[in-house]
Amino acid sequence: MTKPTLTTPTYKQHMTGGDEDSRVFVYGTLRQQGHLHDMLRNNGAKLIARGDMNGRLYDTGMGFPAMTTGNIEHPIFDHDRVSGEVYLVTDQLLNRLDVLEGVTYGHYRRVKAVIRTGVPFAFMRSWVYLYGQDDTYCHDEFMEIAHGDWIKWAETFAGFKSLGTRLHVDTM
C-alpha cells in the first residue's frame, strides 16, 4: 500500500469528485437540458452527481430562474428543495460562470452549500449561485416553483424550442 502524498486524491475527494472549490451546483439554464448547458460541455465540465439542496426556486419571467436559500448548511432540516446537477469545473470556467451570473453586479452571488446527492445519506459541499445580494432580494412578481425543478417547469410550457427561455415560441 502506498503512502498518501499531496498528489494522491484523498478518500473524500475520490468518493465525491474533487474538492468543494472545484464543484458547482447548477439548477437552471446550465443543466443538461437547459439552453446554456453548452457553456459547461464546451469547457470540460464533468457531471459528478444529480441532487438537490435547500432553497426556493422562482421563475423570473426573463427566461432564467432565481433561487433563494433555505438552511443551506443542514440539508435535512428544510422542506423546500431545488433540483440540480453538480459539475467539476476549472477555476477558469468558474470565473466565466461568475461573469455569466453577474456576480460583480450583484445579480447573483456565489456561496457554498450542502448538496444532497441521489445516494442515501450522501452529501457534498459545492458552489452555487443564489439570486441577489441576500435572500430578501427576490421580487414580488417572481412566481415560486413549488416543486423546485426548473427543467420540469420549463417543460410545462408546450411549444418552447429551448428549455429555459420563452423567447422562441412555436406558433404551429
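Residues numbered from 1 in each chain as written. Predicted model: local features only at pLDDT ≥ 70, side-chain atom pairs only at ≥ 80, totals over all residues. Heavy atoms only, no water.

### Re the sheet that holds strand 1 (residues 23-26)
Here's step 1: Pairing is mixed in the closed barrel, where five strands are placed in the order 1-5-2-6-7. Sheet twist, expressed as the average angle between the axes of neighbouring strands with direction ignored, equals 50 degrees.
Here's step 2: As defined by bridge partners, strand 1 adjoins strand 5 (residues 81-88) across four bridges and the pair is classed as antiparallel. Bridging across to strand 5, valine 26 finds its partner in glutamate 85.
Here's step 3: Across the sheet, helix 3 (residues 91-100) lies against strand 1, strand 6 (108-117) and strand 7 (123-131), angled at about 30 degrees from strand 7, the strand it touches most. (Pairing = 2+ DSSP bridges. Helix = DSSP H or I, 4+ residues; strand = E, 2+ residues; numbered from the N terminus. Axes fitted to C-alpha atoms, helices over the stretch in contact; angles between N-to-C directions. Contact = heavy atoms within 4.5 Å.)

### Examining the sheet that holds strand 4 (residues 65-68)
Here's step 1: Spatially, the three strands line up as an open sheet ordered 4-3-8, and their pairing is antiparallel. Strand pairing shows two members of the sheet lacking a second neighbour, strand 4 and strand 8 (143-145), which therefore form its edges. Across the sheet, the mean angle separating the axes of adjacent strands is 35 degrees when strand polarity is ignored.

### Section: the pattern of salt bridges
Here's step 1: Inspection of every chain in the model, using the stated rule, returns nine salt bridges.
Here's step 2: Arginine 56 serves as the salt-bridge partner of aspartate 80, at 2.7 Å between the closest nitrogen and oxygen. Of this pair, aspartate 80 sits in the loop between strand 4 and strand 5 while arginine 56 sits in strand 3 (residues 56-59), and the two are 24 residues apart along the sequence.
Here's step 3: Between arginine 110 and aspartate 98 there is a salt bridge; the shortest N-O distance is 2.8 Å. Placement of the pair is arginine 110 in strand 6 and aspartate 98 in helix 3, with a sequence separation of twelve residues.
Here's step 4: Taken together, the salt bridges that share partners define one network made up of Arg31, Glu85 and Asp149. (Salt bridge = Lys/Arg side-chain N within 4 Å of Asp/Glu carboxyl O.)

### Focus on the pairing of strand 6
Here's step 1: Counting buried positions over the ten residues of strand 6 gives seven, a clear majority of the element.
Here's step 2: Note: strand 2 (residues 46-54) against strand 6, two bridges, orientation antiparallel. Opposite glycine 51, over in strand 6, you have threonine 117 as the bridge partner.
Here's step 3: As judged from the nine bridges shared by strand 6 and strand 7, these two strands associate in the antiparallel manner. Across the sheet, the residue bridging to arginine 109 is leucine 130, located in strand 7.
Here's step 4: The turn joining strand 6 and strand 7, which pair antiparallel and follow one another in sequence, is formed by five residues; a positive phi near 60 degrees is taken by phenylalanine 121. (Buried < 20%, exposed > 50% of the residue type's maximum accessible area, 1.4 Å probe, protein only.)

### Examining the confidence of the model for the protein chain
Here's step 1: In the predicted model, the protein chain carries a mean pLDDT of 79, and the fraction of residues at 70 or more is 72%.
Here's step 2: Looking over the protein chain, one finds the lowest element-wise mean pLDDT in helix 1 (residues 11-16), namely 42, and the highest in strand 1, namely 97.
Here's step 3: In this model residues 158-172 is a low-confidence stretch, pLDDT under 50, and it forms 30 contacts with partners more than four residues away in sequence or in other chains. (pLDDT = per-residue confidence, 0-100.)

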